[in-house]
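# What the coordinates show
Listed below, chain by chain, are the residues.
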Amino acid sequence: MAGSELTNVKSPRVKAARRLTKRAFREQDRKFLAEGPQAVREALKLDGVTLELFSTAEAELRHPELITEATLKGVPVHRASGEVMAELSQTVTPQGLLAICRFVHVPLDQALSGTPRLVAVLAHVRDPGNAGTVMRAADAAGADSVVFTDASVDPYNGKCVRASAGSLFHLPVVIGSPVARAVQELRERGLRVLAADGAGKHTLDDVDLSGPTAWIFGNEAWGLPDDVLALADDVVRVPIYGQAESLNLATAAAVCLYSSARAQRVP
């Protein structure tokens, strides 16, 4: 690892990284932080995405393969003291690895190129942990892309990146699309647009999910607004068989996405 250990939390390099915890600076620099070995591992798989890597001595010993891979790819690796890593980290217990990455999102038309069969749309989703978990579920279900509408949380938020568990680097992600435009594009690509909402007239048991489908997921507290519900081809709810009042957003999204994925794969 080149260079001496970074120990000054006020050094220009540390300050330049620290500013990326703020959305305004992320957008200005078009960079974000990916924290933890899983996020770093997935970021390094994409050429040109990882710009710098910070690692404590302990993390270097635990994950030598990541340090080697970064070095082979020409990514500057900086050894950081525990104090510096705590300054950069957005977790209570830093894992000792943190990468500066360039933005990876793509335009809507690029994300929907080809013949997409499963797409997740996040409309008015504000909780970064939920949003990141939906990305992870979409990735696991084999979705073709995830669309963050203009009223949703920033997917480069540190908590969102961590919750995605690397899935941010796996599938096309769109940022800032007006929901009406996203729905229009999805329909033009031949997808049926379903809104997931607890007040839906139909349940997952009632609808045919074997065709290309886009799911719209709404806000954690109040769901989807009426104007968004009106855009959908149908409003569908997850059936509750027990006594729970409802499912949280990420769990409901996982159920919907996997229902579509399974229906599309059953002969």
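Figured I'd write up the structure that's included with this text.

Another aspect to go through is the pairing of strand β8 (residues 192–196). In terms of burial, β8 is largely enclosed, as four of its five residues are buried. Bridging between β8 and strand β10 (residues 213–217) involves four bridges; their strand directions are parallel. Note on β10: the bridge partner recorded for Arg192 is Thr213. Note that β8 and strand β11 (residues 234–237) share three bridges and pair parallel. Following the sheet pairing, Ala195 is matched in β11 by Val235.

Turning our attention to unusual backbone geometry. Trans peptide bonds make up most of the peptide bonds, and negative phi angles are found at most residues other than glycine. Positive phi values are uncommon outside glycine, yet His124 reaches one of about 65°. Within the secondary structure, His124 sits in the loop between β5 (118–122) and α8 (128–140). The exposure class assigned to His124 is partly exposed, which follows from its relative accessible area of 22%. One non-glycine residue, Ala165, lies in positive phi territory at about 55°. Inspection of the secondary structure puts Ala165 in the loop between α9 (158–164) and β7 (173–177). Using a relative accessible area of 23% as the deciding quantity, one classes Ala165 as partly exposed.

Geometrically, a pair of aromatic rings is defined through the distance of the ring centres and the angle of the planes. By the definition in use, this model includes five aromatic pairs. Judged by centre distance (6.4 Å) and plane angle (40°), the rings of Phe32 and Phe103 are tilted. With Phe32 in strand β1 (residues 31–35) and Phe103 in the loop between β4 (97–102) and α7 (108–111), this residue pair connects regions lying 71 residues apart in the sequence. Accessibility assignment for this pair places Phe32 and Phe103 in one class, buried. Members of the aromatic cluster, connected to one another through ring pairs, are Phe32, Phe103, Tyr156 and Phe169.

Parameters and conventions
Numbering of residues starts from 1 in every chain and runs along the sequence as written. The predicted nature of this model means local features are confined to residues of pLDDT at least 70 and side-chain atom pairs, given and counted, to a pLDDT of 80 or more, with totals for whole chains, interfaces and linings taken over all residues. By convention in this description, side-chain values take in all heavy atoms of the structure and omit both hydrogens and water. Each residue is placed in one exposure class: buried if its accessible area under a 1.4 Å probe, protein chains only, is under 20% of its type's maximum, exposed if it is over 50%, and partly exposed if it falls in between. Put simply, DSSP marks the helices as runs of H or I at least four residues long and the strands as runs of E at least two long, and each gets a number from the N terminus on. Strands are labelled as partners when DSSP assigns at least two bridges between them. The criterion for an aromatic pair is that two Phe, Tyr or Trp rings (for Trp, the six-membered ring) have centres within 6.5 Å, with stacked assigned to planes under 30 degrees apart, edge-to-face to planes over 60 apart and tilted to the rest.

Scope: geometric values only; no functional claims are made or implied.
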